[in-house]
Amino acid sequence: MTQTRHLSVYVDRPVADVYAFASDPANLPQWAHGLGSSAVREGDDWFVETPGGRARVTVAPENEYGVLDQVVVTPSGETVYVPLRATPDGDGCEVDFTLRRAPDMTDAEFERDAALVTSDLALLKKILEGTG
């Protein structure tokens, strides 16, 4: 069994607004710095530039459940499944990210990834709430 950590942030915006922004791969560079720096569409595929090179990102098809899952194919060819959800909570929503630890990942690397995701979620909140 893979070690996981559930990271979340409350965003004071309707879930439809959060979903629309976060589900668009073109917006990834604005809030998902831990993933990559630029997003480019080529045909039906999206690519982001990472420190290790170019990665392909596929976002879950549009759905009414707030599922924002991503499949990332890293520059080395590894496929990483990224569970991500936006769940209604009153007038806002909770954005939940499930961080999974790779089998060969050290404690320090896992903590670094958790910090990157936490920072990305905080930035998503800041952007969508208009506080940044």
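Fair warning: this is a prediction, and the values are worked out from it, not measured in the lab.

### Observations regarding the packing of aromatic side chains
Going through the model one piece at a time under the given rule, you end up with zero aromatic pairs. The aromatic ring of Phe47 is capped on one face by Arg54, whose charged end is 4.1 Å from the ring centroid.

### Details of helix H3 (residues 107–129)
An ideal rise of 1.5 Å per residue puts 33 Å on 23 residues; H3 measures up with 33 Å between its terminal C-alpha atoms. Regarding H3, the residues found buried are Phe110, Asp113, Ala114, Val117, Asp120, Leu121, Leu124 and Leu128. Considering only its buried residues, H3 is in contact with strand S1 (4–11), helix H1 (15–22), helix H2 (28–31) and strand S8 (92–100). Count one or two residues on from H3 and you reach Gly130, which has phi positive near 70 degrees.

### Observations regarding the pattern of salt bridges
Tallying each qualifying case throughout the model produces eight salt bridges. The salt bridge partner of Arg112 is Asp113, with a shortest N-O separation of 2.7 Å. For Asp113, a relative accessible area of 17% gives the class buried. Sharing partners across several salt bridges, the network here consists of Glu42, Glu49 and Arg54.

### As for the environment of Leu128
Tracing the chain through its elements places Leu128 in helix H3. You can call Leu128 buried: its relative accessible area is 6%. When the C-alpha positions of Leu128 and Phe21 are compared, they lie 8.2 Å apart, and in sequence the two are 107 residues distant.

### Comments concerning the nonpolar core
Residues Trp31 and Val95 are the most contacted members of the largest nonpolar core, which totals 31 residues. Secondary-structure elements contributing two or more residues to this core are S1, H1, H2, strand S4 (53–59), strand S7 (84–89), S8 and H3. Here this core takes six residues from H3, the largest share from any one element. Excluding anything up to four places from it in sequence, Val95 contacts Leu7, Ser8, Val9, Val11, Val18, Leu84, Arg85, Ala86, Leu121 and Leu124.

### Topic: the sheet that holds strand S3 (residues 45–50)
Taken together, the five strands give an open sheet; going across it, the order is S2-S3-S4-S5-S6, and neighbouring strands pair in antiparallel fashion. Each end of this open sheet is capped by a strand with a single partner; those strands are strand S2 (39–42) and strand S6 (79–82). On average, each strand axis in the sheet is inclined to that of its neighbour by 30 degrees, with strand direction left out of account. In terms of strand pairing, S3 meets S4 through five bridges, oriented antiparallel. Looking at the pairing, Thr50 lines up with Gly53 of S4.

Cut-offs and rules
- Residues numbered from 1 in each chain as written.
- Predicted model: local features only at pLDDT ≥ 70, side-chain atom pairs only at ≥ 80, totals over all residues.
- Heavy atoms only, no water.
- Phe/Tyr/Trp six-rings, centres within 6.5 Å; stacked < 30°, edge-to-face > 60°.
- Lys NZ or Arg CZ within 6 Å of the ring centre and 35° of its normal.
- Helix = DSSP H or I, 4+ residues; strand = E, 2+ residues; numbered from the N terminus.
- Expected span 1.5 Å × (residues − 1).
- Buried < 20%, exposed > 50% of the residue type's maximum accessible area, 1.4 Å probe, protein only.
- Contact = heavy atoms within 4.5 Å.
- Salt bridge = Lys/Arg side-chain N within 4 Å of Asp/Glu carboxyl O.
- Core = buried A, V, L, I, M, F, W, Y, C linked by side-chain atoms within 4.5 Å.
- Pairing = 2+ DSSP bridges.
- Axes fitted to C-alpha atoms, helices over the stretch in contact; angles between N-to-C directions.

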